[in-house]
Amino acid sequence: MDTWSFFSTCLVSLWLHRLYVYSAVAFGISIWIIIQFSTSKHQKKGEKPTGNPNSSEGVEDKLVNGCATLQAKEVYVAGVKIFYGSQTGTAKRFARALAEAVISLNVPVEVISIGDYDPDDCLLEETTSRNICVFLVATYTDGQPTESAAWFCRWLEEAANDFRFEKTYLKGLRYAVFGLGNSVYVDHYNTAEALFDTSSEAEADAEEAGGTNSVVDVEDLGNIMRHMKQAKRERELEEGDVGMSLTRENAGRKEEGGKREMITPALREALTKQGYKLIGSHSGVKLCRWTKSMLRGRGGCYKHTFYGIESHRCMEATPSLACANKCVFCWRHHTNPVGTEWRWKMDQPEMILQQAIENHQNMIKQFKGVAGVQAARFEEAMTAKHCALSLVGEPIMYPEINRFVRLLHQHSISTFLVTNAQFPDEIRNLEPVTQLYVSVDASTKESLKRIDRPLFKDFWQRFLDSLKALSEKQQRTVYRLTLVKAWNVDELKAYADLISLGKPDFIEVKGVTYCGKSSASNLTMANVPWHEEVVHFVQELANLIPHYEIACEHEHSNCLLIAHKKFKINGEWCTWINYDRFQELVRAQEQSGGSQTFTGADYAARTPHWALFGSRERGFDPLDVKYQRKNKARDISGC
């Protein structure tokens, strides 16, 4: 098979697997460059290779230290070995896609995790094996290789500086290195030998440049890409998919002023598959599994137990899909974009809210007549009463977040806003919300860096400043702690110090939810603490923080609530919320021009006995009926 056919087939095969066009081009180039090095550039035009390409007898090695010999007149590939070093699964996914492309050419292929490969014993064999070795290596925290590739990269570095290894030790190795990284990590973008940007905007950037983010320079690259785009358009026309084609083509392009829509074609496709209803260019809603559960009378979420939310009337939404962290336990599978500031086209809050409500109602309507759905709750669910601004991303990044919150209140919708504690100024400037959450995923600089993988260089100072800003808020505030076994469960004293800094009204402590094997993280069930372990952690933490006690428990969510004693009135916990009273207080403050303020205690309501820690129900509403799933696969949607 000639090199151009090999290259083209790789491209087409990968394209059919619905990867980025630019990924396909870069992968094809990686293989093509190797074969070009293996083929004499001095071969006369039209001259055919001699000898049996399936036999190695009499065939000289065409690659000598990266230079093609003048005598080479044929291409011989024994097979392709694809090595990957992956942390979240991206490199592994690309490796498998490339392998499928090679398989279609009837060429032997092997996919190998670098973490399972011993270069000391095996790499030398590849110098005479006539295999093409493709290395896909991702850049991880602080520009370092992934954990699985760390040993391989360290071995290479040490071998290169070890006098016991000859400089020609790997002479004859036919290889290509292809890197993966995210350009938002500017200072250490792709420092682990990376050539390709995996950020959500890479596709649009490449299209505008008329090329690829790979550093490989190919003269006809622009023509190849145009040819593939044209083929895609023709296929979509044949399938009657003109409208979708135009939508995808326009998404991610820059408008006047140089700002681009946040939702790129790849992001739109990925989030839509996950059940998101996307709004405009940067917002979305999704139906929480607890909404479905409460519609059927099977129980509500922990916020129903702790604060009296009616889960079937709760709309889960976000005005910003972007985030400044890439947390290892994120159950959104890291399909959302990341960034440290708002740099995208901005939609108006009125449009976002209108479409959010419409999409939410349409999703609720799909449950009409479904077995088990209670008629009364179905009717109530058509009018959203609560909004959990915790769907995905960082809602506080949205420049018009205050206008959006005011609109929700004008529609008598309560607001539960979650922030990742990287935007202290935005927290200070935030107008009253029903309840403001800050995610406290770790208590030390080192563990926060390891767990949240923040983009900001000064992430720790921003984190501390965010907690200080939280302490200045007058309405209800919450620390949200996610316990990840073997990661952050041994930092009790440090957590206590952070609580004294931010002085939250409540502290939610929840065991991490295992999302199944995915590209989102490398966590396993071993990282999920048992409920008894969470209870033990909470009891020890409560003993370290004066003025706080354990108030509530939701066993089903593996979650407990620690509350400030000021919410224990006359010996009774009042962690629930009087939502009507909150709306009255918000309107009064707005009418007074901000002079009439109020605190979280002004709209507190008594907590029912079944929601309290130590109750027989363990946080399950006795008005509902527990449902035991036959299929133990978890639905991890919801907040």
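Heads up: the structure comes first, above all this text.
In what follows, the accompanying structure is described. For every chain, the first residue of the written sequence is number 1, and numbering continues from 1 onward in sequence order. Per-residue local features of the predicted model are confined to residues with pLDDT of at least 70, and side-chain atom pairs are confined, for both listing and counting, to 80 or more; whole-chain, interface and lining totals are unaffected and use all residues. Only hydrogens and water are set aside; all other atoms, that is, all heavy atoms of the structure, feed into the side-chain values.

Our focus in this paragraph is the overall build of the chain. Numbered from the N terminus, helices here are DSSP runs of H or I no shorter than four residues, and strands are runs of E no shorter than two. Looking only at helices and strands, the chain features 20 helices and 21 strands. Buried residues in the chain amount to 54% of all 639 residues. For the chain, the share of sequence-separated contacts (at least 6 apart) that also reach a separation of at least 24 residues comes to 73%. Only protein chains enter the accessibility calculation, which uses a 1.4 Å probe; a residue is then buried when its area is under 20% of its type maximum, exposed when over 50%, and partly exposed in between. In this analysis, two residues are considered to be in contact whenever any of their non-hydrogen atoms come within 4.5 Å of each other.

What follows is about the sheet that holds strand β9 (residues 283-286). Note on pairing: DSSP must find at least two bridges between two strands before they are called paired. Strands sit in the order β8-β9-β10-β11-β12-β13-β14-β15-β17-β16 across an open sheet of ten strands; the sheet is mixed. Unpaired on one side and paired on the other, β8 (277-279) and β16 (548-554) mark the two borders of the sheet. On average, adjacent strands in this sheet sit at an angle of 25° to one another, irrespective of strand direction. The pairing of strand β14 (residues 476-483) with strand β15 (residues 506-511) spans six bridges and is parallel. Residue pairing in the sheet places valine 478 in a bridge with phenylalanine 506 of β15. On top of the sheet, helix α12 (residues 349-365) reaches β8, β9 and β10 (314-318); it is set at about 165° to β8, its chief contact. Axis definition: a line fitted to C-alpha atoms, limited for helices to the stretch in contact. Angles are taken between N-to-C directions and run from 0 to 180 degrees.

Here we take up the nonpolar core. By convention a nonpolar core is built from buried Ala, Val, Leu, Ile, Met, Phe, Trp, Tyr and Cys residues, the set being connected through side-chain atoms within 4.5 Å. By size, the foremost hydrophobic cluster in this structure holds 85 residues, and its most contacted members are Met315, Val440, Phe463, Tyr479, Leu481, Ile507 and Leu541. Non-local contacts of phenylalanine 463, meaning those with residues more than four positions away in its chain, are made with Ala421, Gln422, Ser439, Val440, Ala442, Leu448 and Leu498. Membership of the second largest hydrophobic core comes to 25 residues, among which are Phe416, Phe506, Ala563 and Tyr603.

What follows covers the pattern of salt bridges. Note on definitions: salt bridges are taken to be side-chain nitrogens of Lys or Arg within 4 Å of carboxyl oxygens of Asp or Glu. Per the stated rule, a full pass over the model turns up 18 salt bridges. Residues glutamate 310 and lysine 385 are paired through a salt bridge, measuring 3.3 Å at the closest nitrogen-oxygen approach. Residue glutamate 310 is found in the loop between α11 (302-307) and β10, and its partner lysine 385 is found in the loop between α13 (375-381) and β11 (386-389); the two are separated by 75 residues along the sequence. Between glutamate 555 and arginine 618 there is a salt bridge; the shortest N-O distance is 3.4 Å. Here glutamate 555, found in the loop between β16 and β17 (559-564), pairs with arginine 618, found in the segment after β21 (604-605); they are 63 residues apart in sequence, far enough to count as distant.

Our focus in this paragraph is the packing of aromatic side chains. For Phe, Tyr and Trp, rings pair up if their centres lie within 6.5 Å, where Trp contributes its six-membered ring, and each pair is then called stacked (planes under 30 degrees apart), edge-to-face (over 60) or tilted (otherwise). With the rule as written, the count across this model stands at 20 aromatic pairs. With 5.5 Å between their ring centres and 85° between their planes, tryptophan 342 and tryptophan 344 make a pair best called edge-to-face. Judged on exposure class, the residue tryptophan 342 and its partner tryptophan 344 are both buried. A network of ring pairs unites the aromatic residues Tyr302, Phe306, Tyr307, Phe416, Tyr437, Phe506, Phe567 and Tyr579 as a single cluster. Only lysine NZ and arginine CZ atoms are considered, and such an atom sits over a ring when it is within 6 Å of the ring centre and within 35 degrees of the ring normal. Sitting above the plane of the tyrosine 437 ring, arginine 480 keeps its charged end 5.4 Å from the centroid.

Taking 1.5 Å of rise per residue, the 13 residues of helix α20 (residues 579-591) would be expected to cover 18 Å, and the 19 Å separating its terminal C-alpha atoms lies within 8% of that figure. Along α20, the residues that are buried comprise Tyr579, Phe582, Gln583, Leu585, Val586 and Gln589. For α20, the angular spread of the buried residues around the axis is 160°, confining them to a single face. Across from the buried face of α20, at angles greater than 90 degrees, the exposed residues are Asp580 and Gln591. Residues of α20 that are buried in the fold lie against α11, β11, α14 (401-410), β12 (414-419) and β20 (576-577). By definition here, a helix of n residues has an expected span of 1.5 Å times n minus one. Think of the arc as the fan of directions from the helix axis to the C-beta atoms.

We now examine the packing of helix α17 (residues 459-471) against helix α18 (residues 492-502). The interhelical angle for the contact between α17 and α18, taken along N-to-C directions, is 50°, at an axis separation of 7 Å. Overall, the two elements α17 and α18 adopt an arrangement that is oblique. For the pair α17 and α18, the contacting residues are Phe463, Leu464, Leu467, Lys468, Leu470 and Ser471 in the first and Leu498, Leu501 and Gly502 in the second. Per-class residue counts for the contact of α17 with α18 are six nonpolar, two polar and one charged. Roughly parallel means an angle under 35 degrees; roughly antiparallel means over 145; roughly perpendicular covers 65 to 115; every other angle is labelled oblique. Each residue is assigned to one of three groups, with Ala, Val, Leu, Ile, Met, Phe, Trp, Tyr, Cys and Pro labelled nonpolar, Asp, Glu, Lys and Arg labelled charged, and all others, Gly among them, labelled polar.

This part covers the pairing of β9. Going residue by residue along β9, you find Ser283 and Val285 tucked away on one face and Gly284 and Lys286 tucked away on the opposite face as well. Judged from the three bridges that link them, β8 and β9 form a sheet pairing that is antiparallel. Bridging from a neighbouring strand, lysine 277 pairs with valine 285 of β9.

This is a description of form; function is not addressed.
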